[in-house]
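Structural features, examined
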Amino acid sequence: MVDHARAARLAKRITTIVASAIGTEIKDPRLAHVTITDCRVTGDLHDATVFYTVMGASVDDEPDVAEAAAGLAKATGALRSLVGAGTGVRFTPTLRFELDTVPDATRAMDELLARARAQDELVARAAAGATPAGEADPYKHDEDEAGDDPAGARG
(Lines give C-alpha, C1' and ligand atoms only; values in the text may rest on other atoms or scores of the structure.)
Protein backbone atom coordinates (compact mmCIF):
# COMPACT_ATOMS: atom_id res chain seq x y z
CA MET A 1 0.00 0.00 0.00
CA VAL A 2 1.36 3.41 -1.05
CA ASP A 3 1.38 6.17 1.53
CA HIS A 4 1.69 9.38 -0.50
CA ALA A 5 1.86 11.58 2.59
CA ARG A 6 4.84 9.62 3.90
CA ALA A 7 6.55 9.81 0.51
CA ALA A 8 6.01 13.59 0.44
CA ARG A 9 7.44 14.00 3.96
CA LEU A 10 10.45 11.86 3.05
CA ALA A 11 10.99 13.87 -0.15
CA LYS A 12 10.95 17.12 1.81
CA ARG A 13 13.41 15.71 4.33
CA ILE A 14 15.73 14.46 1.56
CA THR A 15 15.64 17.90 -0.07
CA THR A 16 16.70 19.51 3.19
CA ILE A 17 19.47 16.98 3.91
CA VAL A 18 20.96 17.09 0.41
CA ALA A 19 20.86 20.90 0.20
CA SER A 20 22.47 21.23 3.60
CA ALA A 21 25.13 18.64 2.79
CA ILE A 22 26.03 20.31 -0.50
CA GLY A 23 26.39 23.62 1.30
CA THR A 24 28.41 22.43 4.27
CA GLU A 25 29.77 18.88 4.11
CA ILE A 26 30.58 18.11 0.47
CA LYS A 27 33.77 19.98 -0.40
CA ASP A 28 33.52 19.74 -4.19
CA PRO A 29 33.99 23.17 -5.85
CA ARG A 30 31.86 22.02 -8.81
CA LEU A 31 28.86 22.10 -6.47
CA ALA A 32 29.39 25.68 -5.30
CA HIS A 33 26.55 27.07 -7.43
CA VAL A 34 24.14 24.12 -7.24
CA THR A 35 20.72 24.69 -5.70
CA ILE A 36 18.40 21.82 -4.78
CA THR A 37 14.88 22.75 -5.90
CA ASP A 38 12.71 19.67 -5.37
CA CYS A 39 12.64 15.96 -4.66
CA ARG A 40 10.22 13.23 -5.64
CA VAL A 41 10.12 9.85 -3.93
CA THR A 42 8.42 6.79 -5.39
CA GLY A 43 5.50 5.25 -3.52
CA ASP A 44 7.59 2.33 -2.28
CA LEU A 45 10.18 4.81 -0.89
CA HIS A 46 13.04 3.06 -2.71
CA ASP A 47 13.95 5.72 -5.29
CA ALA A 48 14.30 9.46 -5.00
CA THR A 49 14.76 11.93 -7.83
CA VAL A 50 16.42 15.14 -6.67
CA PHE A 51 16.00 18.18 -8.93
CA TYR A 52 18.65 20.89 -9.02
CA THR A 53 19.57 24.09 -10.82
CA VAL A 54 22.99 25.57 -11.49
CA MET A 55 23.77 29.27 -11.39
CA GLY A 56 26.77 30.96 -12.96
CA ALA A 57 29.59 32.35 -10.88
CA SER A 58 28.27 35.83 -11.70
CA VAL A 59 25.16 37.18 -13.38
CA ASP A 60 26.87 37.29 -16.79
CA ASP A 61 28.48 33.82 -16.60
CA GLU A 62 26.82 30.75 -18.06
CA PRO A 63 26.35 27.93 -15.55
CA ASP A 64 28.55 24.87 -15.98
CA VAL A 65 25.86 22.20 -15.93
CA ALA A 66 28.13 19.35 -17.03
CA GLU A 67 30.60 19.96 -14.20
CA ALA A 68 27.80 20.21 -11.66
CA ALA A 69 26.33 16.91 -12.90
CA ALA A 70 29.74 15.27 -12.61
CA GLY A 71 30.16 16.64 -9.08
CA LEU A 72 26.75 15.33 -8.04
CA ALA A 73 27.46 11.94 -9.60
CA LYS A 74 30.68 11.70 -7.60
CA ALA A 75 28.99 12.80 -4.36
CA THR A 76 25.95 10.51 -4.72
CA GLY A 77 27.31 7.81 -2.37
CA ALA A 78 28.18 10.27 0.38
CA LEU A 79 24.86 12.06 -0.02
CA ARG A 80 22.95 8.76 0.16
CA SER A 81 24.79 7.89 3.38
CA LEU A 82 23.84 11.25 4.87
CA VAL A 83 20.22 10.77 3.76
CA GLY A 84 20.17 7.32 5.40
CA ALA A 85 21.53 8.70 8.65
CA GLY A 86 19.21 11.71 8.58
CA THR A 87 15.93 10.00 7.74
CA GLY A 88 16.03 6.82 9.80
CA VAL A 89 14.10 4.76 7.25
CA ARG A 90 14.76 1.04 6.94
CA PHE A 91 15.81 1.26 3.29
CA THR A 92 17.72 4.34 2.18
CA PRO A 93 16.36 5.42 -1.20
CA THR A 94 18.64 5.52 -4.20
CA LEU A 95 19.35 9.08 -5.31
CA ARG A 96 19.07 10.21 -8.91
CA PHE A 97 19.90 13.81 -9.78
CA GLU A 98 18.05 15.57 -12.58
CA LEU A 99 18.48 19.10 -13.88
CA ASP A 100 15.38 21.18 -13.13
CA THR A 101 13.98 22.75 -16.30
CA VAL A 102 11.38 24.92 -14.59
CA PRO A 103 13.59 28.05 -14.41
CA ASP A 104 14.35 27.82 -18.14
CA ALA A 105 10.68 27.34 -18.98
CA THR A 106 9.81 30.30 -16.75
CA ARG A 107 12.40 32.47 -18.46
CA ALA A 108 11.04 31.49 -21.89
CA MET A 109 7.47 32.26 -20.81
CA ASP A 110 8.57 35.66 -19.46
CA GLU A 111 10.18 36.45 -22.83
CA LEU A 112 7.02 35.41 -24.69
CA LEU A 113 4.85 37.55 -22.40
CA ALA A 114 7.15 40.55 -22.89
CA ARG A 115 6.90 40.12 -26.66
CA ALA A 116 3.10 39.87 -26.45
CA ARG A 117 2.95 43.04 -24.31
CA ALA A 118 5.10 44.88 -26.87
CA GLN A 119 2.79 43.78 -29.70
CA ASP A 120 -0.27 44.82 -27.68
CA GLU A 121 1.29 48.24 -27.13
CA LEU A 122 1.94 48.65 -30.87
CA VAL A 123 -1.67 47.71 -31.66
CA ALA A 124 -2.98 50.11 -28.99
CA ARG A 125 -0.87 52.96 -30.42
CA ALA A 126 -2.11 52.24 -33.94
CA ALA A 127 -5.72 52.06 -32.74
CA ALA A 128 -5.50 55.32 -30.78
CA GLY A 129 -5.69 57.55 -33.84
CA ALA A 130 -7.76 55.26 -36.04
CA THR A 131 -11.22 56.04 -37.33
CA PRO A 132 -13.86 53.56 -38.50
CA ALA A 133 -13.68 52.62 -42.19
CA GLY A 134 -17.40 53.10 -42.85
CA GLU A 135 -20.16 54.99 -41.14
CA ALA A 136 -19.80 55.80 -37.46
CA ASP A 137 -22.82 53.60 -36.67
CA PRO A 138 -23.08 50.93 -39.41
CA TYR A 139 -26.07 49.11 -37.87
CA LYS A 140 -29.67 49.61 -39.01
CA HIS A 141 -32.16 50.88 -36.49
CA ASP A 142 -35.99 50.72 -36.47
CA GLU A 143 -36.37 54.45 -36.94
CA ASP A 144 -34.20 54.26 -40.10
CA GLU A 145 -36.67 51.85 -41.74
CA ALA A 146 -39.65 54.17 -41.13
CA GLY A 147 -37.72 57.09 -42.61
CA ASP A 148 -36.67 55.20 -45.75
CA ASP A 149 -40.23 54.49 -46.99
CA PRO A 150 -42.00 57.85 -47.51
CA ALA A 151 -45.42 56.26 -48.18
CA GLY A 152 -45.18 54.14 -45.08
CA ALA A 153 -46.62 51.11 -46.91
CA ARG A 154 -44.93 48.02 -48.10
CA GLY A 155 -45.71 46.61 -51.42
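Residues numbered from 1 in each chain as written. Predicted model: local features only at pLDDT ≥ 70, side-chain atom pairs only at ≥ 80, totals over all residues. Heavy atoms only, no water.

Observations concerning the overall build of the chain
The helix and strand tally for the chain stands at four helices and three strands. N-terminal to C-terminal, the α/β element order of the chain is α-β-β-α-β-α-α. For a compact globule of 155 residues, the expected C-alpha radius of gyration is about 15 Å, and the chain comes in at 31 Å, more than 25% above that figure. With respect to the three principal axes, the spread of C-alpha positions in the chain is 100 × 45 × 20 Å. The 155 residues of the chain split such that 25% are buried. Of the side-chain charges in the chain, 17 are positive and 26 negative, and the distance between the mean point of each set is 16 Å. (Helix = DSSP H or I, 4+ residues; strand = E, 2+ residues; numbered from the N terminus. Rg over C-alpha atoms; globule rule 2.2 N^0.38 Å. Buried < 20%, exposed > 50% of the residue type's maximum accessible area, 1.4 Å probe, protein only. Lys, Arg positive; Asp, Glu negative; His and termini not counted. Charge placed at Lys NZ, Arg CZ, Asp CG, Glu CD.)

Points about the side chain of Thr53
Counting through the fold element by element, Thr53 comes out in strand 2 (residues 47-54). Not counting the four nearest positions on each side in its chain, Thr53 is found in contact with His33, Val34, Thr35, Thr37, Leu99, Asp100 and Pro103. (Contact = heavy atoms within 4.5 Å.)

Here we look at the environment of Gly134
Structurally, Gly134 can be placed in the loop between helix 3 (102-128) and helix 4 (142-148). In the structure, Gly134 is positioned 59 residues away from Ala75 in sequence and 73 Å away in space, judged by C-alpha atoms.

Some thoughts on the packing of aromatic side chains
Counting across every chain of the model gives zero aromatic pairs. The aromatic ring of Phe91 is capped on one face by Arg80, whose charged end is 5.7 Å from the ring centroid. (Phe/Tyr/Trp six-rings, centres within 6.5 Å; stacked < 30°, edge-to-face > 60°. Lys NZ or Arg CZ within 6 Å of the ring centre and 35° of its normal.)

Examining helix 2 (residues 65-87)
Between its terminal C-alpha atoms helix 2 stretches only 28 Å, short of the 33 Å expected from 23 residues at 1.5 Å a residue. For helix 2, the set of buried residues is Ala68, Gly71, Leu72, Ala75, Thr76, Leu79, Val83 and Gly84. Packing partners of the buried residues in helix 2 comprise helix 1 (4-24), strand 1 (34-41), strand 2 and strand 3 (94-99). Two residues or fewer past helix 2, Gly88 is found with a positive phi of approximately 75°. (Expected span 1.5 Å × (residues − 1).)

Observations regarding helix 1
Helix length check: helix 1 (21 residues) gives 30 Å between terminal C-alpha atoms against 30 Å at 1.5 Å per residue, within 8%. All of the buried residues along helix 1 are Ala7, Leu10, Ala11, Ile14, Thr15, Ile17, Val18, Ala21 and Ile22. Its buried side turned inward, helix 1 meets strand 1, strand 2, helix 2 and strand 3.

Concerning the sheet that holds strand 2
Here we have three strands laid out as an open sheet, ordered 1-2-3, and mixed in their pairing. Both edges of this open sheet fall to strand 1 and strand 3, since each of them pairs with a single strand only. Averaged over all pairs of adjacent strands, the angle between their axes in this sheet comes to 30°, without regard to strand direction. Taken together, the seven bridges between strand 1 and strand 2 define a ladder with antiparallel strand orientation. In the strand pairing of strand 2, Thr35 is matched with Thr53. The strands touched by helix 1 are strand 1, strand 2 and strand 3; relative to strand 1, the strand with the most contacts, the crossing angle is about 160°. (Pairing = 2+ DSSP bridges. Axes fitted to C-alpha atoms, helices over the stretch in contact; angles between N-to-C directions.)

Interpretation note: all reported values are geometric properties and have no functional meaning in isolation.
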